[in-house]
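Topology and contacts: notes
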Amino acid sequence: MLTRIIILLIVVVGVAAFAWYMRWRSQKASEQGVVLDHFPLGKVGVVAITTDDCVQCERLQKPALKRLQAQRNDIEVVWRTVDQEPELVKELGIMTVPS
């Protein structure tokens, strides 16, 4: 019984630590004030970061973002590859695609 309580405690602490880390990383990224040259100031948009051989990007992300753009004319979607924007990828801390 004590073993189960210890395992449960370890899992709870691990989940809490992961949640704190993700919140901290998100806050750190938002504080950086990344300036995107892709959109005029005040324009709402999505910068979709992909690679040339990303299957999920083609099958899932691209159709979803096209539907979003069709529903909301005020949202602009800009597609960029990791090779086109290496500085942006590094600045935003992107580690996987699609992003």
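The following refers to the structure shown. As the structure is a computational prediction, the values presented were derived from the model and not from experiment.

In this section: the pairing of strand E1 (residues 44–50). Pairing geometry for E1 and strand E2 (residues 75–81), over seven bridges, is parallel. Residue pairing across strands places Val44 opposite Ile75, the latter belonging to E2. Note on the crossover from E1 through helix H2 (residues 55–71) to E2: the handedness is right-handed.

So, about a nonpolar patch on the surface. Together, Met1, Leu2, Ile5, Ile6 and Ile10 line one region of the surface with nonpolar side chains, adding up to about 580 Å² of accessible area. For Ile5, a relative accessible area of 47% corresponds to the partly exposed category.

Right, let's get into the state of the cysteines. Evaluation of the coordinates by the stated rule reveals one disulfide. Across the disulfide, Cys54 is cross-linked to Cys57 (sulfur-sulfur distance 2.2 Å). Around the S-S axis, the bridge from Cys54 to Cys57 shows a dihedral of about 80 degrees and counts as right-handed. Take Cys54: its relative accessible area is 10%, and that puts it in the buried class.

Another aspect to go through is the pattern of salt bridges. In total, this model carries three salt bridges according to the counting rule given. Across the pair Lys62 and Glu58 runs a salt bridge, and its minimum N-O distance is 3.3 Å. With Lys62 and Glu58 both in helix H2, this residue pair falls four residues apart, about one helical turn. Between Asp74 and Arg72 there is a salt bridge; the shortest N-O distance is 3.0 Å. According to the relative accessible area criterion, Asp74 is partly exposed, its value standing at 38%.

Conventions and cut-offs
- Residues numbered from 1 in each chain as written.
- Predicted model: local features only at pLDDT ≥ 70, side-chain atom pairs only at ≥ 80, totals over all residues.
- Heavy atoms only, no water.
- Pairing = 2+ DSSP bridges.
- Helix = DSSP H or I, 4+ residues; strand = E, 2+ residues; numbered from the N terminus.
- Right-handed = clockwise from strand over helix to strand, strands pointing away.
- Patch = residues over 30% accessible without salt bridge, like charges linked within 9 Å, V, L, I, M, F, W, Y side chains within 5 Å.
- Areas by Shrake-Rupley, 256 points an atom, 1.4 Å probe, with all protein chains shown as cover.
- Salt bridge = Lys/Arg side-chain N within 4 Å of Asp/Glu carboxyl O.
- Buried < 20%, exposed > 50% of the residue type's maximum accessible area, 1.4 Å probe, protein only.
- Disulfide = S-S within 2.5 Å.

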